[in-house]
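Listed below, chain by chain, are the residues.
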Amino acid sequence: ASFFARMFVQVCLYFYCKCLWRCLKFVVRKLTGRCELQRICYNTKPGAARTMKIEASLKGSKSKRLQTSVSVHPDAIEKTIDDIMELKRINPDINPQLGVSLQACLLQIVGYRNLIAEVEKLRREPYDSENPQHEEMLLKLWKCLKPNSPLKARISKQWCEIGFQGDDPKTDFRGMGLLGLYNLVYFAEWDTEIAQQVLSDSLQPKYSAWQYLDLFFPPSQFSKAEWEKKKFDKAIGYSFAIVGINITDLAYNLLVSGALKTHFYNVAPEAPTLTHFQQTFCYLMHEFHKFWIEEDPLDIMEFNRVREKFHKRILKQLQNPEMALCPHFAASESLINM
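Residues numbered from 1 in each chain as written. Predicted model: local features only at pLDDT ≥ 70, side-chain atom pairs only at ≥ 80, totals over all residues. Heavy atoms only, no water.

A. Representation of the overall build of the protein. The number of helices and strands found in the protein is 14 helices and two strands. Expressed as a percentage of the 338 residues in the protein, the buried residues total 43%. Pairs at least 24 residues apart make up 68% of the contacts formed inside the protein by residues separated by at least 6 positions. As presented, the protein carries roughly 19100 Å² of accessible surface, and 56% of it is formed by carbon and sulfur atoms. (Helix = DSSP H or I, 4+ residues; strand = E, 2+ residues; numbered from the N terminus. Buried < 20%, exposed > 50% of the residue type's maximum accessible area, 1.4 Å probe, protein only. Contact = heavy atoms within 4.5 Å. Areas by Shrake-Rupley, 256 points an atom, 1.4 Å probe, with all protein chains shown as cover.)

So, in structure tokens, the structure goes:
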């Protein structure tokens, strides 16, 4: 009985607040002479803050035409703007800037939806070793990361040198499909210096301070077994390619959940593209690398803990409507000097 009572109260509050909000909007429009879309465009600066408010306003409208405007084809955006202006009884000659602002917002909103579809298509496409294009991309990854070390054979233990688990990388792409390969190749090709540095660091075991104790304390203070254990205690690196596929999964989830709207709406003046997504992946890769070093995990078994902590940090940053993870998509120079 108490459960149904609480449900009844929540339903009543929902409809009360909804009706109250609509009444408030009506009153504000009468007082200001502007609809909600006008107030948002005129009072909020361009970027995520404006676009997300426009998106929420359109989705929350009682008009089906406004609700569906966020999912139209990009070619239909101009006509959609005309429909919105007509429905809201806004004279485009008196409010020319409003149409421009709404068009920019809709390009971002529709573009984000289309980007999700494009990324999802790549994620669902499996790696096919019989496909020459797939094989060419895989070999390009090797050449970019190991330009001075020729690959001796397509099936080779050498693949472990760039962080794959076995002698044939195709099995490692099962989780993220071609999306994982696309991102790794983009990182290696367009952010080559950083990618090679991250790969090099990931292969280097980071010994703990115990190896330096003999500079201050003679080994005789410890038993031989204890000394050897402490001397070689270390925080090991990680598998570069496998981590890249894992960070692809992280970027994919940020995109699908809508968390990346803040970032994309701030950096893409129009529709965000696959290139924007891949550049964001590059940023996440070298930021995770720095975060891994800062966390100084005991071993690779702590990877999930570190990844989850990193994920929460990025989510917190994206809660800020002013946030742009990588405004100019420039590689971080700090990694080169680490």
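B. Structural view of helix α8 (residues 177-190). The end-to-end C-alpha distance of α8 is 21 Å, a good match for the 20 Å that 14 residues give at a rise of 1.5 Å each. With eleven of 14 residues buried, α8 is to be regarded as a mostly interior element. Taken together, the buried positions of α8 are Gly 177, Leu 178, Leu 179, Gly 180, Leu 181, Asn 183, Leu 184, Val 185, Tyr 186, Phe 187 and Ala 188. Where the residues of α8 are buried, they touch α6 (96-124), α7 (132-145), α9 (192-203), α11 (240-257) and α13 (274-295). (Expected span 1.5 Å × (residues − 1).)

C. Region of interest: unusual backbone geometry. The backbone of Arg 89 sits at a positive phi, close to 55 degrees, despite the residue not being glycine. If you trace the backbone, Arg 89 turns up in the loop between α5 (77-87) and α6.

D. Representation of the confidence of the model for the protein in the model. Chain-level statistics for the protein give a pLDDT mean of 84 and a share of 80% at 70 or above. For residues 207-219, every residue scores under 50 in pLDDT, and the model assigns this stretch 16 contacts once sequence neighbours within four places are set aside. (pLDDT = per-residue confidence, 0-100.)

E. How the structure looks around the packing of aromatic side chains. On inspection of all chains with the given rule, the structure shows 16 aromatic pairs. Centre to centre, the rings of Phe 164 and Phe 173 are 5.6 Å apart; their planes meet at 70 degrees, and the pair counts as edge-to-face. Through a chain of ring-to-ring contacts, the aromatic side chains of Tyr 238, Phe 288, Phe 291, Trp 292, Phe 303 and Phe 310 assemble into a single cluster. Over the ring of Tyr 112 we find Lys 261; its NZ or CZ atom is 5.7 Å from the centre of that ring. (Phe/Tyr/Trp six-rings, centres within 6.5 Å; stacked < 30°, edge-to-face > 60°. Lys NZ or Arg CZ within 6 Å of the ring centre and 35° of its normal.)

F. Here's a closer look at the packing of α11 against helix α14 (residues 303-318). Direction vectors running N to C along α11 and α14 enclose 35 degrees, while the axes themselves pass 12 Å from each other. Crossing angle aside, the handedness with which α11 passes α14 is right-handed. Note on element contacts: α14 touches α11 through Phe 303, Arg 307, Phe 310, His 311, Ile 314, Leu 315 and Leu 318, opposite Val 243, Asn 246, Asp 249, Leu 250 and Leu 254. Across the contact of α11 with α14, the residue classes break down as eight nonpolar, two polar and two charged. (Axes fitted to C-alpha atoms, helices over the stretch in contact; angles between N-to-C directions. Left-handed = near helix turned anticlockwise from the far one by under 90°. Nonpolar A, V, L, I, M, F, W, Y, C, P; charged D, E, K, R; others polar.)

G. Spatial organisation of the environment of Leu 315. Within the secondary structure layout, Leu 315 lies in helix α14. Along the sequence, Leu 315 and Leu 254 sit 61 residues apart, while their C-alpha atoms lie 8.0 Å from each other. Once residues lying within four places of it in the same chain are set aside, the contact partners of Leu 315 are Leu 254 and Ala 259.

H. Here's a closer look at a nonpolar patch on the surface. A cluster of nonpolar side chains, namely Phe 3, Phe 4 and Met 7, defines an oily patch on the protein surface of about 350 Å² accessible area. Structurally, Met 7 is set in helix α1 (residues 2-32). (Patch = residues over 30% accessible without salt bridge, like charges linked within 9 Å, V, L, I, M, F, W, Y side chains within 5 Å. Salt bridge = Lys/Arg side-chain N within 4 Å of Asp/Glu carboxyl O.)

I. Broad picture of α5. Looking only at α5, the buried set comprises Ile 77, Thr 80, Ile 81, Ile 84 and Met 85. Mapping the buried residues of α5 onto a view down its axis gives an arc of 140 degrees, with all of them on the same face. Facing away from the buried side of α5, by more than 90 degrees, are the exposed residues Glu 78, Lys 79, Asp 82 and Glu 86. Next to the buried residues of α5 lie α2 (36-43), α3 (48-59), α4 (64-67) and α6. Arg 89, located one to two residues past α5, shows a positive phi value of around 55 degrees. (Arc of directions from axis to C-beta.)

J. Quick look at the nonpolar core. Counting residues in hydrophobic clusters, the biggest one holds 84 residues, and the most contacted among them are Ile 54, Leu 141, Leu 181, Phe 277 and Leu 284. Shared between two domains, this core takes at least three residues from each, and those domains are domain 1 (34-123) and domain 2 (128-319). (Core = buried A, V, L, I, M, F, W, Y, C linked by side-chain atoms within 4.5 Å. Domains from an automatic or database assignment.)

K. Representation of the environment of Phe 310 in the model. By secondary structure assignment, the location of Phe 310 is in helix α14. For Phe 310, a relative accessible area of 1% puts it in the buried group. Here the alpha-carbon distance between Phe 310 and Leu 284, two residues 26 residues apart in the chain, equals 9.5 Å.

L. Structural detail: the environment of Leu 274. Looking at the element boundaries, Leu 274 is found in helix α13. Along the primary structure Leu 274 and Glu 118 are separated by 156 residues, whereas in three dimensions their C-alpha atoms are 7.5 Å apart. If we ignore the near neighbours within four places in the chain, the residues touching Leu 274 are Leu 115, Glu 118, Val 119, Leu 122 and Tyr 182.

M. Up close: the side chain of Asn 95. Residue placement: Asn 95 occurs in the loop between α5 and α6. Of the residues examined, Asn 95 reaches a relative accessible area of 14% and is grouped as buried. Within the structure, Asn 95 has its side chain in polar contact with the side chain of Tyr 42 (distance 2.9 Å). Excluding anything up to four places from it in sequence, Asn 95 contacts Gln 38, Tyr 42, Met 85 and Ile 90. (Polar contact = N/O pair within 3.5 Å; in protein donor to acceptor, adjacent residues only side chain to side chain.)

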